[in-house]
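# Summary of structural features
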Amino acid sequence: MSVGAWEPANQASNDQSGQQIDRALLEQILEFMECPTAPATDSQEASDLQYAADPTAMHAPALDPTTLPASLQSAHWLAGLPTSQWLQEASHWQPQQIWGLIRFFTLAESSLDWPGGAESPVIPLAKSLRQRKSPLNKAQLMWIREHTDNRYLPYGPL
């Protein structure tokens, strides 16, 4: 009789954390969500926060698989990446861009059946805004609640 642990032969294929976030793909998401993708200047920081609070910024295109670009239809793997990768990636984006990503992943989870739950990218993206001292405002929180049935959004399991 032997005692041991079975290790799968190709462990890396089951590990999505080896994948890197493609910024070009995130830029496509932001364009689809009608968010500016150009880096903001220091003078735009206040307008970035205003954009995030603006009710017109709450508009989001419908995420219909028939109208979604093919490159975004196959991007469901982004939703399965670890929190640490999303927190690191969020540091490269402005608050209004992070809000655009939050809106996209909220809609993708409910409309396209992308993975979410307690591991949704919305959670680390919202955390990155809190770490910057510009948390989601009440209108944004209400928008998320209206567009998802994921009880973990936006702050994760408590």
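As the structure is a prediction and not an experimental result, all values here were calculated from the model. Numbering of residues starts from 1 in every chain and runs along the sequence as written. For this predicted model, a pLDDT threshold of at least 70 governs which residues receive local features, and a threshold of 80 or more governs which side-chain atom pairs are given and counted, while totals over whole chains, interfaces and linings are taken from all residues. Each side-chain value is derived from all of the structure's non-hydrogen atoms; neither hydrogens nor water enter the calculation.

## Digging into the overall build of the chain
- Helix and strand counts for the chain come out as seven helices and zero strands.
- To qualify as a helix, a DSSP run of H or I must reach at least 4 residues; to qualify as a strand, a run of E must reach at least 2; elements of each kind are numbered from the N terminus. Along the chain, helices (α) and strands (β) appear in the sequence α-α-α-α-α-α-α when read from the amino end.
- Three exposure classes are used, based on accessible area relative to the maximum for each residue type with a 1.4 Å probe and protein chains only: buried under 20%, partly exposed in between, and exposed over 50%. Expressed as a percentage of the 158 residues in the chain, the buried residues total 40%.
- Counted over contacts in the chain with a minimum sequence separation of 6, partners at least 24 positions apart contribute 82%.
- Each accessible area is a Shrake-Rupley result for a 1.4 Å probe, and residues are judged covered by the shown protein chains and nothing else. For the chain, the computed accessible surface area is about 9000 Å², with 52% contributed by carbon and sulfur atoms. Whether two residues are in contact is decided by their heavy atoms: any pair within 4.5 Å suffices.

## Looking at the packing of aromatic side chains
- Pairing of aromatic side chains here covers Phe, Tyr and the six-membered ring of Trp, requires ring centres within 6.5 Å, and sorts the geometry by plane angle: under 30 degrees stacked, over 60 edge-to-face, intermediate tilted. Throughout the structure, instances matching the rule amount to five aromatic pairs.
- Their ring planes at 75° and their centres at 5.3 Å tell us that Trp86 and Phe105 sit as a pair that is edge-to-face. Here the residue Trp86 occupies a position in helix H4 (residues 83–90), and Phe105 occupies one in helix H5 (residues 95–111), the gap between them amounting to 19 residues. An identical accessibility class is assigned to Trp86 and Phe105; each is buried.
- Between Phe105 and Trp114, the ring centres sit 6.2 Å apart and the planes meet at 55°, which makes this aromatic pair tilted. Trp114 carries the same exposure label as Phe105, and that label is buried.

## Points about the confidence of the model for the chain
- The predictor rates its confidence in each residue with pLDDT, a number between 0 and 100. The pLDDT averaged across the chain works out to 81; a share of 72% of its residues lies at or above 70.
- Here helix H2 (residues 45–53) stands out as the least confident element of the chain, with mean pLDDT 47; helix H6 (residues 122–131) is the most confident, with 97.
- Ignoring residues within four places in sequence, the model shows residues 10–16, a span with pLDDT below 50, making four contacts including any to other chains.
- Within the model, the stretch residues 46–53 combines pLDDT values under 50 with 17 contacts to residues more than four positions away or in other chains.

## Considering helix H1 (residues 23–32)
- Turning to H1, its buried residues are Leu25, Leu26, Ile29, Leu30 and Phe32. Seen from one end, H1 has its buried residues packed into an arc of 160°, which puts them on one side.
- Structurally, H1 contributes buried residues whose contacts are with helix H3 (70–73), H4 and H5.
- The distance from a side-chain oxygen at the start of H1 to the backbone nitrogen of Ala24 is 3.1 Å, and the residue carrying that oxygen is Asp22.
- Within two residues after H1, Glu34 carries a phi angle of roughly 65°, on the positive side. Here, the arc refers to the directions that run from the helix axis to the C-beta atoms. Side-chain atoms alone can form a polar contact between residues adjacent in sequence; in general such a contact is a pair of N or O atoms within 3.5 Å, and within protein one must be able to donate a hydrogen while the other accepts it.

## Structural notes on the pattern of salt bridges
- One speaks of a salt bridge when a side-chain nitrogen belonging to Lys or Arg is within 4 Å of a carboxyl oxygen belonging to Asp or Glu. Applying the stated rule across the entire model yields one salt bridge.
- Note that Arg23 and Glu89 form a salt bridge whose closest N and O atoms lie 2.7 Å from each other. Of this pair, Arg23 sits in helix H1 while Glu89 sits in helix H4, placing them 66 residues apart in sequence.
- When its relative accessible area of 37% is taken as the criterion, Arg23 is described as partly exposed.
- By relative accessible area, which is 8% here, Glu89 ends up buried.

## Notes on the nonpolar core
- Among the nonpolar cores identified, the biggest contains 37 residues, and Ile29, Leu78, Ile102, Phe104 and Phe105 are the most heavily contacted of them.
- Among the secondary structure elements, those contributing two or more residues to this core are H1, H4, H5, H6 and helix H7 (138–146).
- In terms of residues, this core owes the most to one element, H5, which gives eight residues. The nonpolar core is taken to be a set of buried Ala, Val, Leu, Ile, Met, Phe, Trp, Tyr and Cys residues, with the residues joined through side-chain atoms within 4.5 Å.

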